[in-house]
Amino acid sequence: MSRPTIAYLGPEGTYTHQAAHDVCASDVQYVAKGSIREVFGALDESVTLALVPLENSTYGSVVETYDTFRDPRMGSKVFVRSEHVLAIQHCLIALPGTRMEEITRIISHEQALGQCAEFIRTKLPKAKKVSVASTALAAKSLLDEFDGTHKTSAAICSAVCITVYPGLEILSRSVQDGPANQTRFLLLHTQRLDPLPLTKPLDLYLSALIRVRVEAPPSSKLNLDLSGIFRSLVATPATTLCSLSIRHVNRRPSLNAIPFNDTVFIELEGGHDRPAVALDLWYSAVIAGVERVRHYLQDSGYIEGEVVCIGSW
Ligand SMILES: O=C(O)C(=O)C[C@]1(C(=O)O)C=C[C@@H](O)C=C1
């Protein structure tokens, strides 16, 4: 039997790569992809696992991940199955001999540039920010572009990049704004409830992610009445039993013909004071909530749309 394979945002040395190692047992095969959309697109019969960043404690949501979660495959062929939080300590990395005061270009992933905005503004005021697909790609690009004279660029990335890409050195450590910088990642799998292949033992979080989208709102309402949806979600006997509550709400444009019509992502959480709740009971409670939201939307006159559980873990 072939080894389980996990797709991640590459190249080698990204934070996603490190988080994937934290989650997976040693026998898993890693496949680097160039973007989060490509990571998601790689999931099929041979690549059954993927890890994607969801949110950062300093800079907020990873928009590309939420945008990918609008895809109809998410919730029908791909499911969120667990989460992992990684402490993010960024370094300023450059070619040997680069001087801080001469840096005019600072390359990194948009999230990392955002997490270090204050450092860049105060310590590298002349530097132009250049956003690339990942932090490790930023480090690698310093070597790719090296022509022996240009030492006016630097990358923001993890310290491991100087080992993965020899020929670079650390100019400054811990350059993120604030010491408690963390990113939360989600583990995706091609099965909704089957046991996961070769991950380390995973905690039961009693979490779930719901996607709600309506296409034909009643004429007076451009967007969803979230309070009605929230009430419907938490008000079944099963959801009460699991102390289901709303943890987080995010929205992205639906990209349909109705301007400002959003796809809403609602993250649910069960009561952690109820250790007796098992994943299948939790999943039933979430689905009971989802069913009630469907009825609520129908009763409110929404004709087309969807309410989908895209993962419970
Ligand atoms: O560029 C990387 O190293 C990534 O793994 C992506 C990513 C992100 O998208 O948030 C992951 C963790 C950090 O927050 C910075 C960047």
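An unreviewed UniProt entry lists the protein under the name Prephenate dehydratase domain-containing protein, with Hydnum rufescens UP504 as the source organism. You can read under Pathway (unreviewed entry) in the UniProt record for the protein the words "Amino-acid biosynthesis."

(A) Looking closely at the overall build of the protein. Helices and strands together make up the secondary structure of the protein, namely 10 helices and 15 strands. Here the protein has a C-alpha radius of gyration of 22 Å; the compact-globule value for 313 residues is 20 Å, and the two agree. With the C-alpha coordinates of the protein rotated into their principal frame, the extents come out at 70 × 50 × 35 Å. Every one of the 313 residues in the protein was classed for burial, and the buried ones make up 49%. Charge centroids of the protein, computed over 30 positive and 33 negative side chains, lie 3 Å from each other.

(B) Structural context of helix H8 (residues 226-234). Regarding H8, the residues found buried are Gly228, Ile229, Ser232 and Leu233. The buried side chains of H8 occupy one side of the element, clustering within an arc of 135 degrees when seen end-on. On its buried face, H8 is in contact with strand E12 (207-214), helix H9 (237-241), strand E13 (245-253), strand E14 (262-269) and helix H10 (279-299).

(C) Fine view of the sheet that holds strand E10 (residues 169-173). If you walk across this open sheet you meet the five strands as E8-E7-E9-E6-E10, and the pairing is mixed. Two strands in the sheet have a free side with no partner beyond their single neighbour: strand E8 (128-132) and E10. Adjacent strand axes in the sheet meet at a mean angle of 30 degrees when their direction is disregarded. The sheet contact formed by strand E6 (residues 91-94) and strand E9 (residues 153-157) spans three bridges and is antiparallel. Opposite isoleucine 93, over in E9, you have alanine 155 as the bridge partner. Helix H6 (residues 135-144) contacts E6, strand E7 (105-109), E8 and E9 of the sheet and is inclined by roughly 155 degrees relative to E9.

(D) Spotlight on the pattern of salt bridges. Scanning the entire structure with this criterion turns up 17 salt bridges. Close ionic contact of glutamate 83 with arginine 247 constitutes a salt bridge, the shortest N to O distance being 3.8 Å. Taken as a pair, glutamate 83 in strand E5 (residues 79-87) and arginine 247 in strand E13 lie far apart in primary sequence, 164 residues in all. The closest approach of N and O atoms between arginine 294 and glutamate 291, which form a salt bridge, is 2.5 Å. Residue arginine 294 and its partner glutamate 291 are located together in helix H10, separated by three residues, close to a single helical turn. Overall, arginine 294 belongs to the partly exposed group, its relative accessible area being 34%. Residue classification places glutamate 291 among the partly exposed positions, given a relative accessible area of 32%. Sharing partners across several salt bridges, the network here consists of Glu55, Glu83, Arg184, Arg247, Glu267 and Glu269.

(E) Molecular detail of the environment of histidine 84. Tracing the backbone shows histidine 84 in strand E5. The spatial distance from the C-alpha of histidine 84 to the C-alpha of leucine 54 is 10 Å, given a sequence separation of 30 residues. Beyond its immediate sequence surroundings of up to four residues, histidine 84 is in contact with Ala19, Asp22, Val23, Thr183, Arg184 and Phe185. Polar side-chain contacts of histidine 84 include one of 3.0 Å to the side chain of aspartate 22.

(F) How the structure looks around the site of the ligand. In the vicinity of the ligand, 15 residues are found, and the nearest of them are Tyr15, Thr16, Gln115, Thr135 and Thr183. At 2.5 Å from an oxygen atom of the ligand is found a side-chain nitrogen or oxygen belonging to threonine 16. A distance of 2.9 Å is found between an oxygen atom of the ligand and a side-chain nitrogen or oxygen belonging to glutamine 115.

(G) View of the packing of aromatic side chains. Going through the model one piece at a time under the given rule, you end up with three aromatic pairs. Their ring planes at 70 degrees and their centres at 6.5 Å tell us that tyrosine 66 and phenylalanine 69 sit as a pair that is edge-to-face. Like tyrosine 66, the residue phenylalanine 69 is buried in the burial classification. Centroid distance tyrosine 66 to phenylalanine 265: 5.3 Å. Interplanar angle 55 degrees. Geometry classified as tilted. With tyrosine 66 in helix H3 (residues 63-68) and phenylalanine 265 in strand E14, this residue pair connects regions lying 199 residues apart in the sequence. Neither residue differs from the other here; tyrosine 66 and phenylalanine 265 are each classed as buried.

(H) How the structure looks around the pairing of E7. A large share of E7 lies buried, amounting to four of its five residues. In terms of strand pairing, E7 meets E8 through five bridges, oriented parallel. Paired with serine 108 across the two strands is serine 131, which belongs to E8. Summarising the sheet, E7 and E9 pair through three bridges and their orientation is parallel. Counterpart to arginine 105 in the pairing with E9 is serine 153.

So, how was this worked out
- For every chain, the first residue of the written sequence is number 1, and numbering continues from 1 onward in sequence order.
- The predicted origin of the model limits local features to residues at a pLDDT of at least 70 and limits the giving and counting of side-chain atom pairs to 80 or more, whereas totals for whole chains, interfaces and linings rest on all residues.
- Water and hydrogen atoms play no part in the side-chain values, which are based on all heavy atoms of the structure.
- UniProt positions are given in the numbering used here, feature names are shortened, and annotations may be inferred rather than shown by experiment.
- Here a helix means four or more residues in a row that DSSP labels H or I, a strand means two or more in a row labelled E, and each is numbered from the N terminus.
- For the radius of gyration, the atoms used are the C-alpha atoms, and the globule rule reads 2.2 Å times the number of residues raised to 0.38.
- Remark: exposure states derive from per-residue accessible area (1.4 Å probe, protein chains only) relative to the maximum for the residue type, with buried under 20%, exposed over 50%, and partly exposed in between.
- His is not counted here, nor are the chain ends, while Lys and Arg score as positive and Asp and Glu score as negative.
- Lys charges are placed at NZ, Arg charges at CZ, Asp charges at CG and Glu charges at CD.
- Directions drawn from the helix axis to the C-beta atoms are what define this arc.
- The contact criterion used throughout is that any non-hydrogen atoms of two residues lie within 4.5 Å.
- Only strands joined by at least two bridges in the DSSP assignment are considered to pair.
- Lines fitted to the C-alpha atoms define the axes, with helices restricted to the stretch that makes contact. Angles between their N-to-C directions range from 0 to 180 degrees.
- Only one rule defines a salt bridge in this text: a Lys or Arg side-chain nitrogen within 4 Å of an Asp or Glu carboxyl oxygen.
- Here a polar contact is taken to be a pair of N or O atoms separated by no more than 3.5 Å, where protein atoms must pair a possible hydrogen donor with a possible acceptor and residues adjacent in sequence count only if both atoms sit in side chains.
- Near is defined per residue: the residue qualifies when any heavy atom it owns lies within 4 Å of the molecule or strand.
- Here is the rule: rings of Phe, Tyr and Trp (six-membered ring for Trp) pair when centre to centre is within 6.5 Å. Planes less than 30 degrees apart are stacked, more than 60 are edge-to-face, and the remainder are tilted.

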